[in-house]
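# Structure at a glance
Below are the chains, spelled out letter by letter.
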Amino acid sequence: MSSLPEYFAGFTRRGQTELFGLTLRADHPDAKPNGLALYSGTMSQSRDSGETAAPAAAGGDTTRERILTAAMEEFARHGIAGARVDRIAKLAKTSKERVYAYFRSKDALYADVAAREYVVIAEATQIVPSDLPGYAGRLFDYFVARPDHHRLITWGRLELPGAAAVADDSAQAVIARKIDQLRQAQQTGQLDPAWDPADVLALVNQIAMTWASQPELSEAADAHAADPTTAARRAAVVTAVERLFPRAR
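Parameters and conventions
Residues numbered from 1 in each chain as written. Predicted model: local features only at pLDDT ≥ 70, side-chain atom pairs only at ≥ 80, totals over all residues. Heavy atoms only, no water. Helix = DSSP H or I, 4+ residues; strand = E, 2+ residues; numbered from the N terminus. Buried < 20%, exposed > 50% of the residue type's maximum accessible area, 1.4 Å probe, protein only. Contact = heavy atoms within 4.5 Å. Areas by Shrake-Rupley, 256 points an atom, 1.4 Å probe, with all protein chains shown as cover. Axes fitted to C-alpha atoms, helices over the stretch in contact; angles between N-to-C directions. Parallel < 35°, antiparallel > 145°, perpendicular 65-115°, else oblique. Left-handed = near helix turned anticlockwise from the far one by under 90°. Nonpolar A, V, L, I, M, F, W, Y, C, P; charged D, E, K, R; others polar. Core = buried A, V, L, I, M, F, W, Y, C linked by side-chain atoms within 4.5 Å. Salt bridge = Lys/Arg side-chain N within 4 Å of Asp/Glu carboxyl O. Expected span 1.5 Å × (residues − 1). Arc of directions from axis to C-beta. Polar contact = N/O pair within 3.5 Å; in protein donor to acceptor, adjacent residues only side chain to side chain. Phe/Tyr/Trp six-rings, centres within 6.5 Å; stacked < 30°, edge-to-face > 60°. Lys NZ or Arg CZ within 6 Å of the ring centre and 35° of its normal.

### Thoughts on the overall build of the protein
- Helices and strands together make up the secondary structure of the protein, namely 12 helices and zero strands.
- Counting helices and strands in the order they occur from the N terminus, the protein gives α-α-α-α-α-α-α-α-α-α-α-α.
- Counting the 249 residues in the protein, one finds 48% classified as buried.
- Nonlocal contacts in the protein, meaning residues at least 24 apart in sequence, comprise 76% of its contacts between residues at least 6 apart.
- Of the accessible surface of the protein, which amounts to about 11,900 Å², a share of 51% is contributed by carbon and sulfur atoms.

In structure tokens form, the structure reads like this:
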């Protein structure tokens, strides 16, 4: 298995993100990322643009959806300040004027893309409180497979002020549900009740995303670790979470 830097190349600015309690759905603890598709189906009204999405075509290929998909790629690669609306329009096979007809500004377009990204991931994810090490491993796998997701959200936290970078109400609801699941696991004896469930979620997420959020350490591990493979980094993540929050027996 190859090493981490090639997965996370292209994002070297330092910054950390909570990623708002995102997990990866799996029917088995060792399941791998499911390669979810972005922006499929009918789009809802954008709170940021003030425009209502056009009805989805049979294949879901509306102009607005093409703009959102192109913008996701552009923002993940260049950030908000570095993104160019003319490149987004070209990739979406439309005009710059058409982009602004849907979204009043580049920041509004980013906000819509980020909000939809949270929803797409949330719909495809779940947490298993009785097996937090397995969850951490799957979360690690997810961001190895899709580093663009991590970069997209991190750019917003780096470049947008305060509340503008925070996920919308639906993402906060996902966090609340996961914290409640952890609390219920504590009540049934599956998880140590000495921990605040909010701390459990934050710590497990941060451990799982250690390598995604610190690419400079990935490069150091590639050069200096006894075992520089991605599998070794994953094993360390799983072991660390296992020692903090052992699997329920």
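### A closer look at the packing of helix 9 (residues 197-208) against helix 12 (residues 230-244)
- Axis separation between helix 9 and helix 12 bottoms out at 9 Å; the angle between their running directions is 160°. Taken together, the axis directions place helix 9 and helix 12 in an arrangement best described as roughly antiparallel. The interaxial crossing formed by helix 9 with helix 12 has right-handed handedness. For the pair helix 9 and helix 12, the contacting residues are Val204, Ile207 and Ala208 in the first and Val237, Ala240, Val241 and Leu244 in the second.
- In terms of residue class, the contact of helix 9 with helix 12 is made up of seven nonpolar, no polar and no charged.

### Describing the nonpolar core
- Counting residues in each nonpolar core, the largest one holds 26 residues, and the members touching the most others are Leu132 and Val204.
- At the level of secondary structure, the elements contributing two or more residues to this core comprise helix 6 (132-145), helix 8 (169-187), helix 9, helix 10 (210-213) and helix 12.
- Take this core: its biggest share by element is eight residues, from helix 6.
- Aside from chain neighbours lying at most four places away, what touches Leu132 is Ile127, Leu182, Leu191, Val200, Val204, Val241 and Phe245.
- By size, the runner-up hydrophobic cluster in this structure holds 24 residues, among which are Tyr102, Tyr110, Val113 and Leu160.

### Comments concerning the pattern of salt bridges
- This model, assessed by the stated rule, comprises 10 salt bridges.
- Note that Arg234 and Asp141 form a salt bridge whose closest N and O atoms lie 2.8 Å from each other. Within this pair, whereas Arg234 is found in helix 12, its partner Asp141 is found in helix 6, the two being separated by 93 residues in sequence.
- Residue class for Asp141 comes out buried when judged on its relative accessible area of 9%.
- Where Arg247 meets Glu242, a salt bridge forms, and the shortest distance between an N and an O atom there is 2.9 Å.
- Taken together, the shared-partner salt bridges connect Asp131, Glu242, Arg247 and Arg249 into one network.

### Some details on helix 9
- For helix 9, which comprises 12 residues, the first-to-last C-alpha distance of 17 Å matches the rise-based estimate of 16 Å (1.5 Å per residue) to within 8%.
- Buried residues of helix 9: Pro197, Val200, Leu201, Val204, Asn205, Ile207 and Ala208, and no others. Viewed along the axis of helix 9, the buried residues span an arc of 165°, placing them on a single side of the element.
- Of the residues that open helix 9, the one with a side-chain oxygen 2.8 Å from the backbone nitrogen of Ala198 is Asp196.

### Some thoughts on the side chain of Asp112
- Its place among the elements puts Asp112 in helix 5 (residues 106-123).
- Given a relative accessible area of 2%, Asp112 falls into the buried group.
- At 2.3 Å, the side chain of Asp112 forms a polar contact with the side chain of Arg116.

### Overview of the packing of helix 6 against helix 9
- Put simply, helix 6 and helix 9 touch, their axes get as near as 8 Å, and they point 45° apart. For the element pair helix 6 / helix 9, the angle class is oblique. Of the two elements, helix 6 crosses helix 9, and the hand of that crossing is right-handed. Of the residues in helix 9, those in contact with Leu132, Tyr135, Ala136, Leu139 and Phe140 of helix 6 are Val200, Leu201, Val204, Asn205 and Ala208.
- The residue inventory of the contact of helix 6 with helix 9, partitioned by class, reads nine nonpolar, one polar and no charged.

### Some points on the packing of aromatic side chains
- Under the definition given, this model contains four aromatic pairs.
- When the centroid spacing of 6.4 Å and the interplanar angle of 45° are considered together, the rings of Tyr102 and Phe103 count as tilted.
- Between Tyr142 and Phe143, the ring centres sit 5.2 Å apart and the planes meet at 90°, which makes this aromatic pair edge-to-face.
- Judged by its relative accessible area of 2%, Tyr142 is buried.
- You can call Phe143 buried: its relative accessible area is 2%.
- For Arg233, the ring lying beneath its charged end belongs to Trp211, and the centroid distance is 5.5 Å.

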